[in-house]
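# Geometric and topological summary
Listed below, chain by chain, are the residues.
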Amino acid sequence: MMDMSDETTKASCLDWSTAFKQKCSVLYTANGNAAIVASGDAAHATSGDTALAASNYDRAIELYSLAIDLDSATDTIYANRSTAKSKKELWEDALLDAQKIQGKLRTTRVKMRLDSFYRAALAISAFETSTEYKELLSSITERADLQMKRIEDLVVPYFRYVMLSHRWGGKEPLLPDIQDEDVYELDPVDGVAKLQSFCNVAGNAGYRWAWSGTCCIDRNNNVELQESVNSIFVWYRRSALTIIYLSDVPPSSKSGALAESEWNGRGWTFQEFVAPKIVLFYQNNWTLYLDDHTPNHKESAVIMEELEGAMGIDRQALIAFRPGMSGVRKKLQWASMRVTMLQEDIAYSLFGIFGIQLPVIYGEKKQNALGRLLQEIVARSGDITALDWVGQSSGFNSCLPADITSYAAPPHTLPSLSEVEIQTMVSSLRNIVAVELASKLYTLLDNMSAPRFANCRLHLPCIVFRVTEVRRRDGSAQETYEVKAHGLHELLITSEDKLVQFSLAKPILQTFLLVRPWNRYLLKLPDFAEPLDFGDDTQSEDDYWSVPESPSCDLPGRLPGEYRVDSESPSQDLLGRLPGEYGVDSESHLRALQLIVRLGQPFSAFLLAQQRGGEYKRIASDHNIIAQVQDVTSVHDMMDARTLEIL
């Protein structure tokens with residue numbers, strides 16, 4: 001039932017298992033030790049006594065240790081081994097044996113997974129003092145042919161771990177507070193009491209290892225901090241159990257308390273819930289929420305119904321969440337109203353959601369952190385829905401929002417045509433639209449590059465419409481402008497930016513454009529392969545750390561905008577075909593006319609203002625700018641397609 005898919009830990013354990021089996025095989029076949037094994041556990045202690053009496057202290061330590069490993073430890077054996085170690089002047093080891101006689105060492109309580117990921121040496125050292133280790137050692141010394149699966153079955157479960165998800169309080173213990181300390185012996189106040197209760201719950205559930213972000217990351221170590229931020233989704237994903245502690249939900253709360261909990265509005269807790277496969281919610285007295293004893297609260301209909309309503313996310317999407325680049329705009333909307341203690345974390349907490357790795361630079365400020373995240377999403381996925389927002393522009397790039405709250409509103413949904421409606425309109429265009437010109441536009445757009453970022457500059461493929469007039473509407477409470485652009489219906493734009501008014505009669509030097517960001521979906525090309533999911537947790541750790549390069553700007557050897565075609569374009573199309581070479585009813589012409597129909601529908605537009613260096617800046621609007629071509633049969637008005645550089 002519990003997840004045991006921690007491949008990294010498993011691999012480390014199996015490496016240890018292989019070495020362990022080889023070690024024990026040597027032990028089994030060695031002449032001296034073979035005789036010891038045959039003589040039984042008691043013989044080890046007796047032989048140790050003999051060696052101690054003969055002042056052969058090394059041999060005595062070896063024999064007593066073997067007896068202890070085979071679970072035959074007694075106070076006498078520890079005392080005699082302590083004596084032998086003292087004779088060898090191994091004072092610290094001798095003292096440890098003496099303390100074991102007094103029962104001062106704890107061996108059964110849950111251990112904290114210290115640092116970014118618990119050290120293999122620490123974990124293996126703990127395992128070698130466990131009952132499972134002694135059972136393995138005994139089995140292998142008796143049977144040299146013990147199967148590796150038997151070793152795996154005992155070793156792998158030992159290293160399963162539990163993660164904690166919670167709302168940080170004011171006084172949480174940090175790594176220096178618990179390092180080299182027994183958590184259970186610390187003063188049980190504030191966050192320490194929470195940590196102790198978490199460890200107790202994990203231990204009572206049968207686990208030996210627990211992890212909490214407050215104290216298991218060395219925040220003074222930049223390398224470790226970066227690894228932790230970039231890996232934390234995977235760690236939660238591979239946990240055997242994630243315990244979610246609701247500090248503001250009292251005992252015996254009714255359904256709805258979870259939805260109102262502060263935990264539900266924090267930035268990091270979103271991935272801490274969707275990443276793990278098994279979660280349990282606990283109230284502030286460490287009893288199960290709603291007294292729901294379902295082994296996995298993701299399978300609780302009552303709890304998932306509450307979370308679905310609170311988060312506004314379909315429960316199946318919550319349960320079967322997969323990281324990666326699919327559904328970019330929807331994921332940004334899910335995160336849009338969450339808050340974090342550190343401003344950069346609003347972006348860093350989404351690294352795992354999108355399955356990407358980026359540098360962690362605390363102090364860079366929110367706009368830069370969010371800008372780097374969105375830049376990477378657009379560059380890797382080619383998905384321009386991340387540019388669909390309303391609000392204020394970011395200083396990182398004007399096509400990106402200053403705040404993630406700009407994604408709170410669902411993306412503007414434009415009416416779509418059915419296939420029957422498209423075919424009807426295509427039939428009406430056959431004798432009106434110049435099919436060769438429509439085919440040329442199709443080829444032009446098919447060859448457009450994917451959007452990409454370089455040095456915070458967005459290279460965006462667009463269909464461009466030149467603005468011919470901007471006039472402020474008098475009497476409006478906001479800055480509202482009537483805007484005309486060549487080939488488009490007149491439209492209204494509301495913006496906090498004050499626009500320069502101009503017209504054909506009173507022109508200005510600065511150029512303004514209304515553009516349609518190009519989306520290859522409009523070509524309706526067939527799917528040649530399943531889309532890549534960059535964040536799939538089934539991929540290897542090496543794959544997870546790799547960062548693909550951004551898509552190239554255009555086809556090899558072509559500069560941005562090289563495919564631009566206008567009304568003075570030559571009579572040959574981009575493929576060198578002469579007008580009329582296509583059959584009127586050819587499939588390529590049909591696709592071209594279907595594209596013209598789609599381009600004639602309303603679309604979300606960007607208003608761009610040219611800068612001194614020839615680049616452009618997006619003028620942010622308080623509402624979506626919805627534009628539409630005046631005459632769908634006027635293909636010339638849609639032929640200005642190029643890649644623009646936007647600051």
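What you see is a predicted model, and the numbers here were worked out from it, not measured in a lab.

## Observations regarding the overall build of the protein
- In terms of helices and strands, the protein carries 24 helices and 15 strands.
- Per-residue burial over the protein gives 49% buried out of 647 residues.
- For the protein, the share of sequence-separated contacts (at least 6 apart) that also reach a separation of at least 24 residues comes to 70%.

## Things to note about a nonpolar patch on the surface
- Taken together, the side chains of M341, L342 and Y362 present a nonpolar region at the surface, about 300 Å² in accessible area.
- If you trace the backbone, M341 turns up in the loop between α17 (328–335) and α18 (345–348).

## Considerations on the pairing of strand β12 (residues 606–610)
- In terms of burial, β12 is a largely internal element, four of the five residues being buried.
- Examined bridge by bridge, strand β10 (residues 512–517) and β12 share four bridges and lie antiparallel to one another. Residue pairing across strands places V515 opposite F606, the latter belonging to β12.
- Examined bridge by bridge, β12 and strand β13 (residues 616–618) share three bridges and lie antiparallel to one another. Looking at β13, one finds that A609 is bridged to K617.
- Linking β12 back to β13 in an antiparallel pair, the connection comprises five residues, with G614 at a positive phi of about 95°.

## Observations regarding the packing of helix α4 (residues 57–69) against helix α5 (residues 75–87)
- One way to put it is that α4 packs onto α5 with a least axis distance of 9 Å and a crossing angle of 150°. Between α4 and α5, the interaxial angle falls into the category roughly antiparallel. As α4 runs across α5, the sense of the crossing is left-handed. Where α4 approaches α5, its residues Y57, A60, I61, Y64, S65, A67 and I68 are matched on the opposing element by I77, Y78, N80, R81, A84, K85 and K87.
- Class assignment of the residues belonging to the contact of α4 with α5 gives a composition of nine nonpolar, two polar and three charged.

## A short note on the confidence of the model for the protein
- Per-residue pLDDT for the protein has a mean of 82; in total, 77% of the residues score no lower than 70.
- Note that pLDDT drops below 50 for residues 114–118; the model gives that stretch 24 contacts with residues more than four away or on any other chain.

## Quick look at the packing of aromatic side chains
- A complete count under the given rule lists 15 aromatic pairs for this structure.
- Relative to F321, the ring of F233 has its centre 6.2 Å away and its plane inclined at 55°; by these criteria the two rings are tilted. Of this pair, F233 sits in helix α12 (residues 222–237) while F321 sits in the loop between α16 (315–319) and α17, and the two are 88 residues apart along the sequence.
- When its relative accessible area of 4% is taken as the criterion, F321 is described as buried.
- Ring geometry for Y282 and W286: centres 6.0 Å apart, planes at 45°, overall tilted.
- Linked through ring pairs, F233, F270, F321 and W334 together constitute an aromatic cluster.
- For K298, the ring lying beneath its charged end belongs to F273, and the centroid distance is 5.0 Å.
- When the ring centre of W389 is taken as reference, the NZ or CZ atom of R618 above it lies at 4.4 Å.

## Remarks on helix α15 (residues 301–311)
- For α15, the complete set of buried residues consists of I303, M304, E306, L307 and M311. Projection of α15 onto a plane perpendicular to its axis shows the buried side chains occupying an angular sector of 155°, all on one side. Set apart from the buried face of α15 by more than 90 degrees, the exposed residues are A301, E305 and G309.

## Considerations on the pairing of β10
- Burial analysis of β10 places six of its six residues in the buried class, the great majority of the element.
- Every second residue of β10 is oriented toward a common face, with F512, L514 and R516 on one face and L513, V515 and P517 on the other, all of them buried.
- Taken together, the five bridges between strand β7 (residues 457–472) and β10 define a ladder with antiparallel strand orientation. Bridge pairing in β10 links F465 to L514.

## Focus on helix α21 (residues 419–429)
- I422, V426 and L429 are the residues of α21 that are buried. For α21, the angular spread of the buried residues around the axis is 65°, confining them to a single face. Away from its buried face by more than 90 degrees, α21 exposes V420 and T424.
- Buried-residue contacts for α21 involve α24 (587–599).

## With respect to the state of the cysteines
- Summed over the entire model, instances satisfying the criterion amount to zero disulfides.
- Counting only cysteine sulfurs, C215 is the nearest neighbor of C199, a cysteine outside any disulfide, at a range of 7.6 Å.
- Unpaired in this structure, C216 has its nearest cysteine sulfur neighbour in C215, at a distance of 4.1 Å.

## Let's talk about the nonpolar core
- Counting residues in hydrophobic clusters, the biggest one holds 109 residues, and the most contacted among them are F273, F281, L307 and F354.
- Non-local contacts of F281, meaning those with residues more than four positions away in its chain, are made with I244, L246, L258, W263, F273, T287, L288, Y289, H297, I303 and L307.
- Ranked by size, the runner-up nonpolar core spans 47 residues in total, among them L523, A609, V629 and V632.

Parameters and conventions
- Residues numbered from 1 in each chain as written.
- Predicted model: local features only at pLDDT ≥ 70, side-chain atom pairs only at ≥ 80, totals over all residues.
- Heavy atoms only, no water.
- Helix = DSSP H or I, 4+ residues; strand = E, 2+ residues; numbered from the N terminus.
- Buried < 20%, exposed > 50% of the residue type's maximum accessible area, 1.4 Å probe, protein only.
- Contact = heavy atoms within 4.5 Å.
- Patch = residues over 30% accessible without salt bridge, like charges linked within 9 Å, V, L, I, M, F, W, Y side chains within 5 Å.
- Areas by Shrake-Rupley, 256 points an atom, 1.4 Å probe, with all protein chains shown as cover.
- Salt bridge = Lys/Arg side-chain N within 4 Å of Asp/Glu carboxyl O.
- Pairing = 2+ DSSP bridges.
- Axes fitted to C-alpha atoms, helices over the stretch in contact; angles between N-to-C directions.
- Parallel < 35°, antiparallel > 145°, perpendicular 65-115°, else oblique.
- Left-handed = near helix turned anticlockwise from the far one by under 90°.
- Nonpolar A, V, L, I, M, F, W, Y, C, P; charged D, E, K, R; others polar.
- pLDDT = per-residue confidence, 0-100.
- Phe/Tyr/Trp six-rings, centres within 6.5 Å; stacked < 30°, edge-to-face > 60°.
- Lys NZ or Arg CZ within 6 Å of the ring centre and 35° of its normal.
- Arc of directions from axis to C-beta.
- Disulfide = S-S within 2.5 Å.
- Core = buried A, V, L, I, M, F, W, Y, C linked by side-chain atoms within 4.5 Å.

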